[in-house]
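Read off the chains here:
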Amino acid sequence: MKKSLSFVSQSVAALAMLSTLPAMAGSATYSGALCTSVSGFHSPTVFRSGRLLNSNANTLEVVCPIQRNISLPSLTESLSVSVTALDPHLTENVCCTATVAEKDGTSLASSSACSNWGADTANHNSFSISLPSVFAGVNGYVSLRCALPGQYTSGSSTYASVLASFVVTE
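Presented here is an overview of the structure given in this document. (Residues numbered from 1 in each chain as written. Predicted model: local features only at pLDDT ≥ 70, side-chain atom pairs only at ≥ 80, totals over all residues. Heavy atoms only, no water.)

### Focus on the packing of aromatic side chains
What counts is decided by this rule: Under the pairing criterion, centres of Phe, Tyr and Trp rings, with the six-membered ring standing for Trp, must be within 6.5 Å; the plane angle then separates stacked pairs below 30 degrees from edge-to-face pairs above 60, leaving the rest tilted. Counting from the N terminus, the helices are the DSSP runs of H or I reaching at least four residues and the strands are the DSSP runs of E reaching at least two. Accessible area is worked out with a 1.4 Å probe on protein chains only. A residue is then buried under 20% of its type maximum, exposed over 50%, and partly exposed in between.
Scanning the model with the defined rule gives 1 aromatic pair in all. Centre to centre, the rings of Tyr30 and Phe166 are 5.1 Å apart; their planes meet at 15°, and the pair counts as stacked. Placement of Tyr30 in strand E1 (residues 27–31) and of Phe166 in strand E15 (residues 161–169) is noted, with a sequence separation of 136 residues between them. Taking relative accessible area as the criterion, Tyr30 reaches 13% and is therefore assigned buried.

### Describing the side chain of Asp87
So the rule is basically this: In this charge count, Lys and Arg are treated as positive and Asp and Glu as negative; neither His nor the chain ends contribute. A pairing counts as a salt bridge when a side-chain nitrogen of Lys or Arg comes within 4 Å of a carboxyl oxygen of Asp or Glu. In protein, a polar contact means a hydrogen-donor-capable atom and an acceptor-capable atom, both N or O and within 3.5 Å, with residues adjacent in sequence counting only if both atoms are side-chain atoms; elsewhere, any N or O pair within 3.5 Å suffices. Two residues form a contact once any of their heavy atoms are found within 4.5 Å.
With respect to the helices, strands and loops of the structure, Asp87 is situated in the loop between strand E7 (80–86) and strand E8 (95–101). One buried charged side chain, Asp87, makes no salt bridge at all; its nearest oppositely charged neighbour is Arg51, positioned 13 Å away. Among the polar contacts listed, one links the side chain of Asp87 to the side chain of Ser115, at a separation of 2.6 Å. Setting aside chain neighbours within four positions, we find Asp87 in contact with Glu92, Asn93, Val94, Ser115, Trp117, Gly118, Ala119, Asp120 and Pro149.

### So, the pattern of salt bridges
Opposite charge on two side chains permits pairing when their charged atoms draw close. All told, the structure shown has 1 salt bridge when counted by the stated rule. Glu61 is paired through a salt bridge with Arg145; the nearest N and O atoms lie 2.7 Å apart. Of the two residues, Glu61 sits in strand E5 (residues 60–65) while Arg145 sits in strand E12 (residues 141–148), which places them 84 residues apart along the sequence. Given the relative accessible area of 23%, Glu61 is considered partly exposed. Taking the relative accessible area as the measure of exposure, Arg145 reaches 37% and is therefore partly exposed.

### Here's the deal with the environment of Thr153
Position of Thr153 relative to the elements: it lies in strand E13 (residues 152–154). Residues Thr153 and Pro88, spaced 65 residues apart in sequence, show a C-alpha to C-alpha distance of 9.1 Å.

Dropping the structure here:
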């Protein structure tokens, strides 16, 4: 009986230790509402659906958290991000930059992409960002920074830029 209790205790301890590690590689979908405004003097509008809207006339920059999934024991990062957005603007695009950084903010790798489908006031579209595989220290982090153009006005109608979601694959 004592042996089986010891085994159970060791198993519980091992599972507790594993739960403190970042998740293993895979894909995860994040809502645009998780992003935080880092520029401008206005806050984005967040819909109950989880979409983030820039309903202001000025460009809005947001930073989005990404759960870091590492490959033990190498601590390498290799990821791609698919951003789903609504870009109604004729002359500006929704642009995002994915970055892998050390704990002090030193960038190890970054890559950017923008919406390139032209003005579309009704349909959400996606664009992708790929980062090369890099070694990041145990306390490094991954982030997504996006710039959403201000509202586009056509006649008496105004249309907001929208960051609907982003899918991270590691």
